[in-house]
Amino acid sequence: MRGRNDGAQSKRPIVLLCVMVVCLCLLFLYFSGSNGQAGSAALEYGTKFSRSLGWGSDGDGDDGSEESIFGTGDADDVKLKSFPVCDDRHSELIPCLDRNLIYQMRMKLDLNLMEHYERHCPPPERRLNCLIPPPHGYKVPVKWPKSRDIVWKANIPHTHLAHEKSDQNWMIEAGEKIKFPGGGTHFHHGADKYIANIANMLNFKDNNINNEGMLRTVLDVGCGVASFGGYLLSSNVIAMSLAPNDVHQNQIQFALERGIPAYLGVLGTKRLPYPSRSFELAHCSRCRIDWLQRDGILLLELDRLLRPGGYFAYSSPEAYAQDEEDRRIWKEMSSLVERMCWKIAEKRNQTVIWVKPLNNDCYRSRPPGTNPPLCKRGDDPDSVWGVQMEACITPYPEQMHRDGGTGLAPWPARLTTPPHRLADLYVTADTFEKDTELWQQRVDKYWSLLRPKIKPDTIRNIMDMKANFGSFAAALKEKDVWVMNVVPHDGPSTLKIIYDRGLIGSTHDWCEAFSTYPRTYDLLHAWTVFSDLDKRGCSAEDLLLEMDRILRPTGFIIVRDKGTAIEFIKKYLNALHWEAVTVVDADSSPESEENEMIFIIRKKLWQPGGSQDPK
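All figures in this text were calculated on a predicted structure; none of them were measured in a lab. (Residues numbered from 1 in each chain as written. Predicted model: local features only at pLDDT ≥ 70, side-chain atom pairs only at ≥ 80, totals over all residues. Heavy atoms only, no water.)

Participant: How do you make sense of the overall build of the chain when you look at a structure like this?
Facilitator: Within the chain, the secondary structure is distributed over 18 helices and 19 strands. Residues counted as buried form 56% of the 615 residues belonging to the chain. Long-range contacts, defined as pairs at least 24 residues apart, comprise 71% of the intrachain contacts of the chain with a sequence gap of at least 6. For the chain, the accessible surface area stands at approximately 26,800 Å², while carbon and sulfur atoms represent 51% of it. (Helix = DSSP H or I, 4+ residues; strand = E, 2+ residues; numbered from the N terminus. Buried < 20%, exposed > 50% of the residue type's maximum accessible area, 1.4 Å probe, protein only. Contact = heavy atoms within 4.5 Å. Areas by Shrake-Rupley, 256 points an atom, 1.4 Å probe, with all protein chains shown as cover.)

Participant: Please clarify how the sheet that holds strand 14 (residues 521–527) should be interpreted in this entry.
Facilitator: Pairing between sheet strands relies on hydrogen bonds along the backbone, with the strands arranged either parallel or antiparallel. Taken together, seven strands build an open sheet; the order of strands is 13-12-11-14-15-17-16 and the sheet is mixed. On the outer flanks of this sheet lie strand 13 (504–508) and strand 16 (578–585), each paired with one strand and no other. Direction aside, neighbouring strands of the sheet carry axes that sit 20° apart on average. Pairing analysis gives four bridges linking strand 11 (residues 461–464) to strand 12 (residues 482–488), with the strands arranged parallel. Paired with Met463 across the bridge in strand 12 is Met484. Set on the sheet, helix 12 (residues 429–450) makes contact with strand 11, strand 14, strand 15 (551–562), strand 16 and strand 17 (596–603); between it and strand 17 the angle comes to about 45°. Contacting strand 14 and strand 15, helix 15 (residues 529–536) crosses the sheet at an angle of about 70° to strand 15. (Pairing = 2+ DSSP bridges. Axes fitted to C-alpha atoms, helices over the stretch in contact; angles between N-to-C directions.)

Participant: I tried to follow the state of the cysteines on my own but got confused; where do I start?
Facilitator: Here, the word disulfide means a covalent bond between the sulfur atoms of two cysteines. This model, assessed by the stated rule, comprises six disulfides. The disulfide bridge from Cys86 ends at Cys130, spanning 2.0 Å between sulfur atoms. Taking the sign of the S-S torsion, 90° for the link of Cys86 and Cys130, the bridge is right-handed. Of this pair, Cys86 sits in the loop between helix 2 (48–52) and helix 3 (99–104) while Cys130 is found in the loop between helix 3 and strand 1 (150–152), placing the two residues 44 residues apart along the sequence. (Disulfide = S-S within 2.5 Å.)

Participant: Teacher, can you tell me more about the environment of Met400 here?
Facilitator: Assignment of secondary structure puts Met400 in helix 11 (residues 398–403). Residue classification places Met400 among the buried residues on the basis of a relative accessible area of 10%. Considered as a pair, Met400 and Asn360 are 40 residues apart in the sequence and their alpha carbons are 9.2 Å apart. Once residues within four sequence positions are removed from consideration, Met400 is found in contact with Arg277, Pro308, Leu358 and Gly405.

In structure tokens:
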């Protein structure tokens, strides 16, 4: 027995040596793929590389380790040579809105409640660790404002809507391009005339929908290709155009390619990611939503989002058709909105416009037991991330009830006027004004650093990944751009301040993918986003891949963060087909983090199999 044991022990070093050699060979093969391609490895899941070095975590929270996801910062840290490239079927992947994932994981979802169109993110072990390729023939997008009316067909090679909606003037094939005449299901003669008609119905001066600056933010539900939102922009009105990733695929992709603000979402079971009292107008033109379902829960979600005195413009057969079913729906819907204390502002032709009350008087005068009920006193109407909708009316806070409105200044003064809801966050007007001034200085510096690389029309779609009060976006007021202001779901509820300034945005968790198509933003601004991720223990590599997914080729990233975060990102530039533009020290204001730096990056235009110059 002893002889055999000794013999076994003598063999162990040889076996271990063989295993180590095999592992090293496999690692070499995995990371030495040419131009980022690794054959079938492109479909592997998970962030194996970051986890193997201790830079990432599978969970959303802290795993108890104090080790930074940025490694040691030493020059000897491993630099990634390449990422595999996803195959072509993933060129339009939206990880958290991927119906293939739903089928693969056999999720039990209620189709009647639209749960299959809500966010369902892949667990870490099922995330694709590869670069999303552009479609073949991809071109730098047409620049705004021309892009409102025309885009490259190669960038969104889907023309079924042009045929399906050919009688409604949604879009038209025109050789290598797709044209957008500005039509819609209920506005065949153009969105501009339809918008003027709504303003006329509301007796707004000169038929201008902005109502002398008092109407600024709009929610367009079931927006199609967002021509309604696109034509509002010329009136200094900004719309959050909303549609699901449904059978009419690529509606939101078309909208963002055109340079029109848009977001992928659905009225299903969860609240939309916007705070209460964010919009002056909600709009639905043939959006095919059953507003009567579940005791009117979807209409009550719109009620939560509308400001005091806000409007709901509804263009649909129920508002005018005379067949038995449409008349039944109209009767029941009229009863519901009356119990919600909405009143008809105007009803004409195919459109009805309701108006929401200015205070709580109507709610308090309803007979006891009236449905829908008021929401419970402890309900937070601004808590939205993953929060279930409820069939209840959101009453106004006592101060807003006494004021009979929001007290917001008209646009554009409201952009820099401290809103009343700052008090909800215990923030003073002085702090707000200093923040606005600080970010104006910072944005001026950003643009001076970018100026050698950009022209006036280079940048259109911008995302501020950690927007705070929205002062970054406010500083861009003179630029022909729009900003998606993203507020972390677990931080202060500053998104309501952003909407009160006349800007738009969304709540989000950067441990997950954003609800947008690939290649939809020209500029990403990441202020301490990586440092925040480090504290939570999520994968910084996953975030880099997500930023690459949503950034357009030739687009820019501005990272404002600690030096360790900057050094970490530098290791990935070649693997991501990014190039460094400049690195400078940030300002030394009290609000800046210690050792904070500014790193500007540009994404190259590349195709699988080779790279192209970003010019």
